[in-house]
Amino acid sequence: MTWQAYVDNNLLGAGFVSAALLGNTDGSVWATSAGFSVTEGKAIVAAFAKDGAAFSTGLHVAGKKYMAIKSDTRSAYGKLGAGGVVCVKTLTCIIVAVYDDKLQPGAAANIAEKLADYLIENNC
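The model shown is predicted, which means the values in this text are computed figures rather than measured ones.

> Before we go on, may I ask you to explain empty space enclosed by the protein in this structure?
If you roll a probe as big as a water molecule over the atoms, it shows you where there is empty space left. Here the structure, examined in full by the defined rule, presents 1 cavity of 30 Å³ or more. By volume, the largest cavity amounts to about 60 Å³. Lining the largest cavity are L21, G23, N24, G27, S28, V29, V38, G41, I44, V45, I94 and V96. Elements supplying a minimum of two residues to the lining of the largest cavity: β1 (19–24), α2 (41–46) and β7 (93–99). Taken together, the residues of the lining of the largest cavity sort by class into 7 nonpolar, 5 polar and no charged.

> Explain the side chain of E113 here, please?
Examined against the element boundaries, E113 turns out to sit in helix α4 (residues 105–121). Owing to a relative accessible area of 13%, E113 belongs among the buried residues under this scheme. Side chain to side chain, E113 and R74 meet in a polar contact 2.7 Å long. A polar side-chain atom of E113 sits 2.7 Å from a polar atom in the side chain of Y77.

> So what exactly am I meant to see when it comes to unusual backbone geometry here?
Peptide bonds are mostly trans, and most non-glycine residues show a negative phi. Phi angles above zero are rare outside glycine, and A62 is one such case at about 55°. Counting through the fold element by element, A62 comes out in the loop between β3 (59–61) and β4 (64–71). Residues other than glycine seldom take positive phi values, yet N123 does so here, at roughly 60°. Along the polypeptide, N123 turns up in the segment after α4.

> When you look at the pattern of salt bridges in this model, what are you seeing that I'm missing?
Opposite charge on two side chains lets them pair, provided their charged atoms get close. Going through the model one piece at a time under the given rule, you end up with 3 salt bridges. The salt bridge partner of R74 is E113, with a shortest N-O separation of 2.7 Å. Residue R74 is found in the loop between β4 and β5 (75–80), and its partner E113 is found in helix α4; the two are separated by 39 residues along the sequence. Given a relative accessible area of 25%, R74 falls into the partly exposed group. Look at the salt bridges and you will find they share partners, linking R74, E113 and D117 into a network.

> Sorry if this is basic, but what is going on with the nonpolar core here?
For soluble globular proteins, the rule of thumb is that nonpolar side chains tend to be buried together. Among the nonpolar cores identified, the biggest contains 22 residues, and L11, V17, V86 and I95 are the most heavily contacted of them. For this core, the elements supplying multiple residues, two or more each, are α1 (3–12), β1, β6 (83–89), β7 and α4. Per-element tally for this core: the top contributor is α4, with 7 residues. Discounting chain neighbours no more than four positions away, the residues touching L11 are Y6, F16, V17, A20, I95, I111, A112 and L115.

Cut-offs used in this document
Residues numbered from 1 in each chain as written. Predicted model: local features only at pLDDT ≥ 70, side-chain atom pairs only at ≥ 80, totals over all residues. Heavy atoms only, no water. 1 Å grid on protein atoms, 1.4 Å probe; cavity = no way out; pocket = protein on both sides within 12 Å on 5 of 7 lines; lining within 4 Å. Points joined across faces, edges and corners; volume = space filled by probe spheres on them. Helix = DSSP H or I, 4+ residues; strand = E, 2+ residues; numbered from the N terminus. Nonpolar A, V, L, I, M, F, W, Y, C, P; charged D, E, K, R; others polar. Buried < 20%, exposed > 50% of the residue type's maximum accessible area, 1.4 Å probe, protein only. Polar contact = N/O pair within 3.5 Å; in protein donor to acceptor, adjacent residues only side chain to side chain. Salt bridge = Lys/Arg side-chain N within 4 Å of Asp/Glu carboxyl O. Core = buried A, V, L, I, M, F, W, Y, C linked by side-chain atoms within 4.5 Å. Contact = heavy atoms within 4.5 Å.

Have a look at this one:
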């Protein structure tokens, strides 16, 4: 499966996120949903440096600053109004899943975390 297929089928196709990205742990982008442009790759990667790293800076994704509500070396979650972002780190990549006010935060987190588990099990 291509990286784009993971974004299209596993993240967006599940219906629980409104925009998504898969990128390398160096901050580069492998695949994104249509119209989703993220230039803050290195800042997203920095959120996984240590537990609590995102609490002081927030999460910056696609030009928006999200208030960090979870921050550890695997996952960083952020909130902005009724929407939010879920970022999860695997062995070789970063998953970024954005949800809006029409979607449930728990469902977005669940789908991103499950994809991360699958990728980790497959050494990705």
